[in-house]
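Observations on the model geometry
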Amino acid sequence: MISIQGKGVSTGIAIGPLYFYQRAKSEIVRATVKNAEKEWERFKASQEKAIEQLGKLADKAREEAGDEAALLFETHQLMAEDLDYEEAIQGLIEEEFLNAEAAVSDVCAQFAEMFASMDDPYMQARAADVKDVSSRIISILTGAVQGGIDSDVPVILAADDLAPSETVQLDKSKILGFITEGGSGSSHTAILARTMGIPAIIGVGDQIKKEYEGREVIIDGTKGQIIVDSDDNTRKVMLAKLEEQKKTREMLEKLKGLENKTKDGQTIRIYCNIGSPDDVAPVLGNDAGGIGLFRSEFLYLNCDDYPTEDYQFEAYKKVLSDMGDKEVVIRTLDIGADKQIGYFDLPKEENPAMGNRALRICLNRPEIFRTQLRALYRASAFGHLCIMFPMVTSVWEVREAKKMCERVKAELTAEGKAFSNDVQIGIMIETPAAAVMSDRLAKEVDFFSCGTNDLTQYTLACDRQNADLGRFFNPHHPAVLRLLKMVCDNAHKNGIWVGICGELGADLSLTDTFLSIGIDELSVSPRAVLPLRQKVRDTNVAQVRDEVLSSLLGDKTQLS
Ligand code: PEP
Ligand code: MG
């Protein structure tokens, strides 16, 4: 039996075979083949497999986001069997005896250049299609695994680290748990694991060895413990814990339908954070009151090219209509920092967390912003939408973003397209500047939602991605908590509501603090809703408020 200690970032027990994440090999080996006919057959088999994969992706997209979403994959299917494309590859294989992967790569470069040089923007955009289709065929030829998991049974997935773009593309039905060598608790991969309700352990370094692949592993995401080849006794203990976990869930189930009301009658809204339209089912399953943060950038991370207005519209419409009359806060694009997307072609930055990201990209590239806002407003006709801007630091940014909303509404009105006139506009408070300026910002918007992951990072000048900074990245730091109180006070003075959508919202050791300072809404991962409801129902705010506030402010005289 081998026992490994890491840092648990998503609770729960999981048991299953260990599987190492497989990354696509990007290097293409060039070779001369002896048997061109056999090489051509190799190409044809991989082409056929690519078309089959694309068909499945089209079906999945249609099911999740409608016909328009499926169109992209269907276009890729047509591209994969395009006669000119195929003949050019055949020429290189049969006449120049080039190996199939190099032939596909050369033809891809030639076609992509040809498309990119055309005047018609539609044809220019086909360059990205041919690149995407070719890389799929090359992956099949080289044996690289699309989506990282090639297993028939669900596994405990191990990786050095996973980028958000890799995590979103994983086949979730195949994952029982995550283990990563590096990573940090507030990285987006850890956040996604919590959203998916899957146990996850990070920071195990080189303790998890390739030779363990295929062997049974038990992980305890609460303790950060990993056991490979457990002995009978340990296995029994872990299975008992798993059973206990199930019983706790059953007990929490009884809280469904009950109010989030403290013993002394104060209520708070408990909403959920999601990253995809698929996440709505666990939101409703856990009886959340709404969605407090839909990280819309995950839609972009899941695409190989800018998602079209219609594609986004279908996805937002699905979330809004599935949520019925419940509030849904959709955050506009928040890429940059650790969430990099190739097709945005953003220049490499020395300090990406403080660079061109989120609202800054939207204001600098208004066409991208406009497309998203049009999709959002069109979808607003199907539910209760709130739009939220991330990474705000100044009043002028909010005004410029709001002007863009007005322009989009005017366009839709002129086009006779329906939208709701009741869309609330809010901002994330996740920079110290926004917190300090919250008295002014509150006059510009309908609500605030505090992004404590970034607020902690920027307030403490402490990189949220850096696993070595562990104890320095302290979201409980009084500087962060005092800013939250300041934001809350400023919001209420100006008659707007304020929530928390960072990971801190689910921290039960701070629930009494959030209730005491008057936070109106907490947005957490679906699995955290019922434990949070339990905590709220067990709290008597009147009894704890004075103590909480005096320890927060350090001086009782400041309370009044
Ligand atoms: C945050 O910063 O707290 C937040 C909710 O946004 P993200 O984690 O996506 O940066
Ligand atoms: Mg953030």
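Residues numbered from 1 in each chain as written. Chains lettered and ligands numbered in written order. Predicted model: local features only at pLDDT ≥ 70, side-chain atom pairs only at ≥ 80, totals over all residues. Heavy atoms only, no water.

A tally of regular secondary structure across the chain gives 21 helices and 16 strands. The C-alpha atoms of the chain give 25 Å as radius of gyration, which agrees with the globular expectation for 560 residues (24 Å, within 12%). Principal axes of the C-alpha set define a box for the chain whose edges measure 85 × 70 × 45 Å. For the chain, the residues scored as buried account for 53% of the 560 residues in total. Looking at the chain alone, contacts between residues at least 24 apart form 70% of all its contacts between residues at least 6 apart. About 24,600 Å² of surface is accessible on the chain, with carbon and sulfur atoms providing 50% of the total. Averaged over its 65 positive side-chain charges, the chain has a centre that lies 7 Å from the centre of its 89 negative ones. (Helix = DSSP H or I, 4+ residues; strand = E, 2+ residues; numbered from the N terminus. Rg over C-alpha atoms; globule rule 2.2 N^0.38 Å. Buried < 20%, exposed > 50% of the residue type's maximum accessible area, 1.4 Å probe, protein only. Contact = heavy atoms within 4.5 Å. Areas by Shrake-Rupley, 256 points an atom, 1.4 Å probe, with all protein chains shown as cover. Lys, Arg positive; Asp, Glu negative; His and termini not counted. Charge placed at Lys NZ, Arg CZ, Asp CG, Glu CD.)

As a further point, take the sheet that holds strand β6 (residues 200-202). Across the sheet, 8 strands lie side by side as β1-β8-β7-β3-β4-β5-β6-β2; this open sheet has mixed pairing. A single partner strand is all that each edge strand has here, and the edge strands are β1 (2-5) and β2 (7-10). Neighbour-to-neighbour, the strand axes of the sheet open up by a mean angle of 30°, direction not taken into account. Sheet analysis places β2 next to β6, joined by 3 bridges and oriented antiparallel. Residue pairing across strands places Lys7 opposite Ile202, the latter belonging to β6. Sheet contacts for helix α7 (residues 188-196): β2, β5 (175-180) and β6; angle to β2, the most-contacted strand, approximately 55°. Where helix α8 (residues 232-253) meets the sheet, its contacts fall on β3 (13-20), β7 (216-220) and β8 (225-228), and the angle it forms with β3 comes to roughly 120°. (Pairing = 2+ DSSP bridges. Axes fitted to C-alpha atoms, helices over the stretch in contact; angles between N-to-C directions.)

A few words on the pattern of salt bridges. Throughout the structure, instances matching the rule amount to 37 salt bridges. As a salt-bridge pair, Glu309 and Arg378 come within 2.6 Å of each other at their nearest N and O atoms. With a gap of 69 residues between them, Glu309 in helix α11 (residues 309-322) and Arg378 in helix α13 (residues 366-379) connect regions that are remote in the sequence. Residue Arg378 is classed as buried on the basis of its relative accessible area, which comes to 14%. (Salt bridge = Lys/Arg side-chain N within 4 Å of Asp/Glu carboxyl O.)

Only Glu430 (OE) and Asp454 (OD) from the protein reach the magnesium ion (ligand 2) as donors, at distances of 2.1 Å. Pair noted here: Glu430 is in the loop between β13 (424-429) and α15 (432-436) and Asp454 is in helix α17 (residues 452-459), with a separation of 24 residues, a long-range link. Here the two residues Glu430 and Asp454 agree in accessibility, since each one is buried. (Donors = N, O, S within 2.8 Å, 3.2 Å for Na, K, Ca; no water.)

Their axes nearest at 8 Å, the elements α11 and α13 cross at an angle of 40°. Note on packing geometry: the crossing formed by α11 with α13 is right-handed. On α13, the residues touching Glu309, Asp310, Gln312, Phe313, Tyr316, Lys317 and Leu320 of α11 are Thr371, Gln372, Arg374, Ala375, Leu376, Arg378 and Ala379. Of the residues in the contact of α11 with α13, the class split is 6 nonpolar, 3 polar and 5 charged. (Left-handed = near helix turned anticlockwise from the far one by under 90°. Nonpolar A, V, L, I, M, F, W, Y, C, P; charged D, E, K, R; others polar.)

Along the polypeptide, Glu444 turns up in the loop between α16 (438-441) and β14 (447-450). We classify Glu444 as buried; its relative accessible area is 14%. Beyond its immediate sequence surroundings of up to four residues, Glu444 is in contact with Val395, Val398, Arg399 and Lys402.

All right, on to the side chain of Asp129 then. If you trace the backbone, Asp129 turns up in helix α5 (residues 121-142). A residue is classified by how much of its surface remains accessible, and Asp129, at 3% relative accessible area, is buried. Ignoring sequence-local partners within four residues, the contact set of Asp129 consists of Leu72, Thr75, His76 and Met79.

Let us now look at the packing of aromatic side chains. Applying the stated criterion to the full structure yields 12 aromatic pairs. On the basis of an interplanar angle of 70° and a centroid distance of 6.5 Å, the ring pair of Phe111 and Phe115 is categorised as edge-to-face. Placement of both Phe111 and Phe115 in helix α4 (residues 100-116) is noted, with a separation of 4 residues, approximately one turn of the helix. Grouping residues by exposure puts Phe111 and Phe115 together as buried. For the pair Phe369 and Phe389, a centre-to-centre distance of 5.9 Å together with 70° between the ring planes defines the contact as edge-to-face. Placement of the pair is Phe369 in helix α13 and Phe389 in strand β12 (residues 384-389), with a sequence separation of 20 residues. Each member of the aromatic cluster is reached from another via a ring pair, and the members are Tyr300, Tyr306, Tyr343 and Phe344. Stacked on the ring of Trp497, the Lys or Arg Arg269 has its end atom at 4.6 Å from the ring centre. In this structure, Lys317 is placed above the aromatic ring of Phe382, and the distance from its NZ or CZ to the ring centre is 4.8 Å. (Phe/Tyr/Trp six-rings, centres within 6.5 Å; stacked < 30°, edge-to-face > 60°. Lys NZ or Arg CZ within 6 Å of the ring centre and 35° of its normal.)

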